[in-house]
Amino acid sequence: MLDLIHLEHKNISRLLALLERKLAAIQAEDEVDFRLIRDSVEYLGSYSEKYHHPKEDVIYLYYLEHYGDNGNIAKLDKEHEELSVLTEDFETTVDMILMDAVVPLDVFADQLQQFIRRQRDHLMFEERDVLPVIAKAFNEQDWLNVRERCILEYDDPLFGREVSARFRRLSEKLFEQA
Ligand SMILES: [Fe+2]
Ligand SMILES: [Fe+2]
């Protein structure tokens, strides 16, 4: 279960690395395929929101119920909420660009940078300050209990066994950069 969370973090991190390269390209005034940015954000907004955060929420809540707060874990609930709003807002901005609405590129670059930073900070915080604490605290029964409350099997349209047509281009790009 913890392995799955780490794996998903690795996948998210690959998407963020791709976005970082796009940001650098925008800042260098190179040609940028905004559809790849849109697809990345859409993946983060839909599948990551739907399957990644909910699993973490179950784990964090379970920890709070059984081990009390360590000063960090309680605030993750709010962080997930904020990330979800941020992702949704940013998706709207990328869509506007794709619809040829006038969004100054420097404004967009700032927003993209913010988006990447917030996502990265969250990921680092979980990897460094949260998951190790949980790994240390939970016994086998705890893991069984949280597993029962989670959806563990789902078709990941980007990193799963079968890449959906919707994300094929993005998947190819991720593969190229790997
Ligand atoms: Fe999270
Ligand atoms: Fe996470």
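Residues numbered from 1 in each chain as written. Chains lettered and ligands numbered in written order. Predicted model: local features only at pLDDT ≥ 70, side-chain atom pairs only at ≥ 80, totals over all residues. Heavy atoms only, no water.

## Things to note about the overall build of the chain
Right, so step 1: Secondary structure summary: the chain contains six helices and zero strands in total.
Right, so step 2: The buried share among the 178 residues of the chain stands at 42%.
Right, so step 3: Look at the contacts in the chain between residues 6 or more apart in sequence, and 80% of them connect residues 24 or more apart.
Right, so step 4: For the chain, the accessible area works out to roughly 10,100 Å², and carbon and sulfur atoms hold 49% of it.
Right, so step 5: Of note, the chain has its 22 positive side-chain charges centred 4 Å away from the centre of its 38 negative side-chain charges. (Helix = DSSP H or I, 4+ residues; strand = E, 2+ residues; numbered from the N terminus. Buried < 20%, exposed > 50% of the residue type's maximum accessible area, 1.4 Å probe, protein only. Contact = heavy atoms within 4.5 Å. Areas by Shrake-Rupley, 256 points an atom, 1.4 Å probe, with all protein chains shown as cover. Lys, Arg positive; Asp, Glu negative; His and termini not counted. Charge placed at Lys NZ, Arg CZ, Asp CG, Glu CD.)

## As for the coordination of the iron ion (ligand 2)
Right, so step 1: Looking at the metal site, the iron ion (ligand 2) is ligated by His9 (NE2), His52 (NE2), Glu56 (OE) and Glu126 (OE), spaced 1.9 to 2.2 Å from it.
Right, so step 2: One way to put it: the four donor atoms around the iron ion (ligand 2) meet at angles of 83 to 173°, and that makes the site irregular.
Right, so step 3: When the donor residues of the iron ion (ligand 2) are listed from N- to C-terminus, their spacing reads H-x42-H-x3-E-x69-E.
Right, so step 4: The distance between the iron ion (ligand 2) and the iron ion (ligand 1) comes to 3.0 Å, and Glu56 binds to both of them. Placement of the pair is His9 in helix H1 (residues 2-27) and Glu126 in helix H4 (residues 105-137), with a sequence separation of 117 residues.
Right, so step 5: Residue classification places His9 among the buried positions, given a relative accessible area of 2%. (Donors = N, O, S within 2.8 Å, 3.2 Å for Na, K, Ca; no water. Tetrahedral: all angles 85-135°; square planar, octahedral: opposite > 155°, others 65-115°.)

## Details of the packing of H1 against helix H2 (residues 34-67)
Right, so step 1: Here H1 crosses H2 at 155°, and the two axes come no closer than 11 Å. Compared by their axis directions, H1 and H2 come out roughly antiparallel. Taken as a pair, H1 and H2 cross one another with a handedness that is left-handed. Where H1 abuts H2, its residues Leu4, Ile5, Glu8, His9, Ile12, Leu15, Leu16, Leu18, Leu19, Lys22 and Ile26 lie against Phe34, Leu36, Ile37, Ser40, Tyr43, Leu44, Ser48, His52, Lys55, Glu56 and Ile59.
Right, so step 2: By residue class, the composition of the contact of H1 with H2 is 14 nonpolar, four polar and four charged. (Axes fitted to C-alpha atoms, helices over the stretch in contact; angles between N-to-C directions. Parallel < 35°, antiparallel > 145°, perpendicular 65-115°, else oblique. Left-handed = near helix turned anticlockwise from the far one by under 90°. Nonpolar A, V, L, I, M, F, W, Y, C, P; charged D, E, K, R; others polar.)

## Let's talk about the packing of H2 against helix H3 (residues 76-98)
Right, so step 1: Two numbers describe how H2 lies on H3: the axes approach to 9 Å, and their chain directions differ by 165°. Taken together, the axis directions place H2 and H3 in an arrangement best described as roughly antiparallel. For the crossing formed where H2 meets H3, the hand is left-handed.
Right, so step 2: Split into classes, the residues belonging to the contact of H2 with H3 amount to 11 nonpolar, five polar and nine charged.

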